[in-house]
Amino acid sequence: MVPNGVASDSKGRVYIADSKVRAIFIVDTETGGYEMIKNGTDAKFTWLSGLMVDETDRIFVSDSGMKRVDVFDPKRKLESVIMERLLDPGGMAIDEENRFLYVTDAEQDLVQVYDADPPYKYIRSLGKEGTKHTSTVPGEFSKPTAVAVDKDGNVYVSDTWNDRIEVFDAEGNFVRTFGKAGDGPGYFARPKGISVDSDGHLWICDEVQDRVQVYTPEGRLLIYMGGHGLLPGQFQGLINISVDKNNRVLTTEQMPGRLQIFRYITDAEAKAELERRNAETKKKNEERLKAKVGGTEAAPTAASTDKK
């Protein structure tokens, strides 16, 4: 298996685009059971890369070998194909509010933008074509591989060969960039998959460092996790990530061919837990003080006071 794109649907089932098997796996994480959208039976696949599921459970899967994006209806029947202006489609994201579909194209150094509904009309491109992966200009790309959209329509792109994240607004205007090449926390060495959680934090896969780093939208590092290895919580060939509506963090690795699932504790949950602990500590302190004032603390024993 060579799992790549990953997402989940409204029922919590996890979808994985597998490049080697040439199939989409649909996994029930509670039972371990799975189904497949098969090559040659349900569709024609060559090299699957990105995958996403929209709010209606429509499935989008990018096939760089076929130079297209296949769209399946909620019953997993192929309903449409997007090919216009695509050479090497990869990561995808949908702006549910503005109804934009974003598709990265690493070969053209572009992010293509389409209507998110049939007939998926082409709207515009982000970046500049013809730079042959050499541009370092802000707002341009060198091998963009993944894209994510936040609730305000801001677009975040993994500019992989430039080891940075680029940010655009919903109208396609360049806003800012953050990150630079390096091997420590807060630096990138080939950033790939990117996802936005329910609090607006950015979860970014670093393929070379096998590390997930979490940032604010402005680019301030919050936490990081992982590292090279095959133990749970470590990664080998980390390639993609998705934070779903159940606050599960889904990661795919290509070396061991596996999916790992983590639990994201939201800001609200963390705040509630802190308040609970503070209240518990306050109560214990008050009880100790009350016991002391009331003279109920244990008095020294006769044996201890008679010691010579």
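These remarks concern the structure in this document. In this text the structure is predicted, and so the values were computed from the model without any measurement. (Residues numbered from 1 in each chain as written. Predicted model: local features only at pLDDT ≥ 70, side-chain atom pairs only at ≥ 80, totals over all residues. Heavy atoms only, no water.)

## Let's talk about the packing of aromatic side chains
Point 1. If you walk through the whole model with that rule in mind, you get eleven aromatic pairs.
Point 2. Pairing phenylalanine 141 with phenylalanine 168 gives two aromatic rings, centres 5.7 Å apart and planes at 55 degrees, and the pair type is tilted. With phenylalanine 141 in the loop between β12 (122-127) and β13 (144-149) and phenylalanine 168 in strand β15 (residues 164-168), this pair connects stretches of sequence that are 27 residues apart. When sorted by exposure, phenylalanine 141 lands in the same class as phenylalanine 168, which is buried. (Phe/Tyr/Trp six-rings, centres within 6.5 Å; stacked < 30°, edge-to-face > 60°. Helix = DSSP H or I, 4+ residues; strand = E, 2+ residues; numbered from the N terminus. Buried < 20%, exposed > 50% of the residue type's maximum accessible area, 1.4 Å probe, protein only.)

## Thoughts on the sheet that holds strand β10 (residues 100-105)
Point 1. Taken in spatial order, the four strands line up as β9-β10-β11-β12 in an open sheet, and their pairing is antiparallel. Strands at the two margins of the open sheet, each flanked by one partner only, are β9 (89-95) and β12. The average angle at which neighbouring strand axes cross in this sheet is 20 degrees, direction not considered.
Point 2. Here strand β11 (residues 110-115) runs beside β12; their pairing, made up of five bridges, is antiparallel. The residue of β12 that forms the bridge with tyrosine 114 is tyrosine 122. (Pairing = 2+ DSSP bridges. Axes fitted to C-alpha atoms, helices over the stretch in contact; angles between N-to-C directions.)

## Topic: the pattern of salt bridges
Point 1. In the structure shown here, the tally under the stated rule is 19 salt bridges.
Point 2. Of the charged contacts in the structure, one is a salt bridge between lysine 192 and glutamate 207, with a shortest N-O distance of 2.7 Å. Of this pair, lysine 192 sits in strand β17 (residues 191-196) while glutamate 207 sits in the loop between β18 (202-206) and β19 (211-215), placing them 15 residues apart in sequence.
Point 3. On the basis of relative accessible area, lysine 192 is assigned to the buried category, the value being 14%.
Point 4. Looking at glutamate 207, the relative accessible area reads 25%, which means it is partly exposed.
Point 5. Among the ionic pairs, glutamate 273 bridges to arginine 276, the shortest N-O distance being 2.8 Å. Of this pair, glutamate 273 and arginine 276 both sit in helix α1 (residues 267-293), three residues apart, roughly one helical turn.
Point 6. Three or more residues joined by partner-sharing salt bridges are found here, namely Glu273, Arg276, Arg277 and Glu280. (Salt bridge = Lys/Arg side-chain N within 4 Å of Asp/Glu carboxyl O.)

Without other data, these values stay purely geometric and don't point to any function.
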